[in-house]
Amino acid sequence: MVNRTQIMETETLEEAIKLLFERTSTGRNCIFTQEAMTGCVASEYDSLGKSGRQETYKKIAEDFKRRVSYKDRVGYEFLMNGPNFILDVGCGSGLLSLELAEKTDAVIYGIDISEDMIELANMNRDKRAKENLPKRHVANDPSLEILDVAEYNKTRLRFDVRSVYDLSTIVKKGVDFVICRNALHRFRNPQNAIDQMYSTLGTGGKIYIRDLKRDANWRTVLERIGEKRWSSPSLVIDYIGAMASMLTTPELEKIFLDLQIPNFTISDGSYLSTTEETNSNNIQEFASEVEYTCVIEK
Ligand SMILES: C[S@@+](CC[C@H](N)C(=O)[O-])C[C@H]1O[C@@H](n2cnc3c(N)ncnc32)[C@H](O)[C@@H]1O
């Protein structure tokens, strides 16, 4: 059972892990027996995303565009190469992919190891396509207006049940951008996962990773739970268990050195975004304090 008072009184991650999972935890520790988020954890994560993270996903999509200097392909470049290809790894219920679909003209391919998450992602895409997505023009040619928005978005935004470890066998080399938000910690073998993501990139391609730091200030991590998440005990357990498997930035740096990936930058998690916080329902992310962002260029 989740006792809010007891959890809020913990002073360290290790203490909270002991309280909730009766385990001692040192270093990085994958508490859960499976990587996939399934069942009620998947559906509640999706609901929390839709009720309390709309602003967050918008900000991350903008932050991604700024940090990787994203530009849609137009004119000759578009005719020669088609649209950009963005791979969303560990896409969950697709809420970030949907924002990227609204903010770019790219083809977006979301993969997740969880069947439940991909089912939710497909439902979210179909619902959003019907309700919100504007009719789009292909690149800069207004004569090519796509009339069937739902069909169009199925082709430019696709989700599949796949594992990050199989990426090099399912995606051709030459991906322009990989985005991986709040998912790296879920991978038991993050080094292999990064190796796979890197191998799919074309020359000049970029990976954008955003996740939490295991060594972030514990009080801030607790405060970040927020009222909305407290109403869903399984998400609180998932959140705290997941914290034990987060990487620290020196651990991430070591992975790049071991993989001999030379071009990377790791920064704090503040959003380089112009979107004002207008939705008071948005859960407070404390992104600059507890998250990191990382951009890798091939
Ligand atoms: C915390 S969720 C983040 C979802 C999404 N990126 C977002 O920001 O809303 C992490 C996701 O990683 C997925 N995942 C875990 N292991 C995976 C693997 N080996 N390959 C692909 N996805 C995986 C989980 O199923 C889960 O949906």
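Asks: Looking at this structure, I do not really get the overall build of the protein chain. What am I missing?
Replies: What the protein chain contains, in helices and strands, is 15 helices and seven strands. A separation of at least 24 residues holds for 77% of the contacts in the protein chain among residues at least 6 apart in sequence.

Asks: Sorry if this is basic, but what is going on with the nonpolar core here?
Replies: Soluble, globular proteins show a tendency: their nonpolar side chains are buried together. Residues V178 and M197 are the most contacted members of the largest nonpolar core, which totals 68 residues. Once residues within four sequence positions are removed from consideration, V178 is found in contact with L87, V89, M197, T200, L201 and I207.

Asks: Even after reading the chapter, I still don't get the site of the ligand, so can you show me in this structure?
Replies: Not every one of the 22 residues close to the ligand is listed here, only the nearest: E35, G90, G92, S114 and R186. Those elements that place two or more of their residues in the shell around the ligand are α6 (95–103) and β2 (107–112). Across the shell around the ligand, the residue classes tally to twelve nonpolar, six polar and four charged.

Asks: It is not clear to me how unusual backbone geometry should be interpreted in this structure. Could you clarify?
Replies: Where the residue is not glycine, phi is negative for most of them; where a peptide bond is considered, it is trans in most cases. Positive phi values are uncommon outside glycine, yet N182 reaches one of about 50 degrees. With respect to the helices and strands, N182 occurs in the loop between β4 (175–181) and α10 (190–200). On the neighbour-count criterion, N182 (18 C-beta atoms within 10 Å) is partly exposed. One non-glycine residue with positive phi stands out, namely Q260, at about 55 degrees. For Q260, the location among the structural elements is in the loop between α14 (249–258) and β6 (264–268).

Asks: Is there a simple way to think about the sheet that holds strand β5 (residues 201–212) in this case?
Replies: Sheets are built from strands that pair by backbone hydrogen bonding, the pairs being arranged parallel or antiparallel. Strands sit in the order β3-β2-β1-β4-β5-β7-β6 across an open sheet of seven strands; the sheet is mixed. With partners counted over all chains shown, the strands left at the sheet margins are β3 (157–161) and β6, one partner each. Here the average twist between neighbouring strands, direction ignored, is 15 degrees. Where β4 and β5 come together, six bridges link them in parallel fashion. The partner of V178 across the bridge, within β5, is I207.

Asks: Quick question: what am I supposed to make of the confidence of the model for the protein chain here?
Replies: A low pLDDT means the predicted coordinates there should not be read in detail. Summarising the model, the protein chain shows a mean pLDDT of 90, and 89% of its residues fall at 70 or more. Confidence over residues 137–147 falls short of pLDDT 50; this stretch has 15 contacts with residues more than four positions distant or in other chains.

Reading the values: rules and limits
- Residues numbered from 1 in each chain as written.
- Predicted model: local features only at pLDDT ≥ 70, side-chain atom pairs only at ≥ 80, totals over all residues.
- Helix = DSSP H or I, 4+ residues; strand = E, 2+ residues; numbered from the N terminus.
- Contact = placed C-beta atoms within 7 Å.
- Core = buried A, V, L, I, M, F, W, Y, C linked by C-beta atoms within 7 Å.
- Buried ≥ 20, exposed ≤ 12 C-beta atoms within 10 Å, placed from the backbone.
- Near = placed C-beta within 6 Å.
- Nonpolar A, V, L, I, M, F, W, Y, C, P; charged D, E, K, R; others polar.
- Pairing = 2+ DSSP bridges.
- Axes fitted to C-alpha atoms, helices over the stretch in contact; angles between N-to-C directions.
- pLDDT = per-residue confidence, 0-100.

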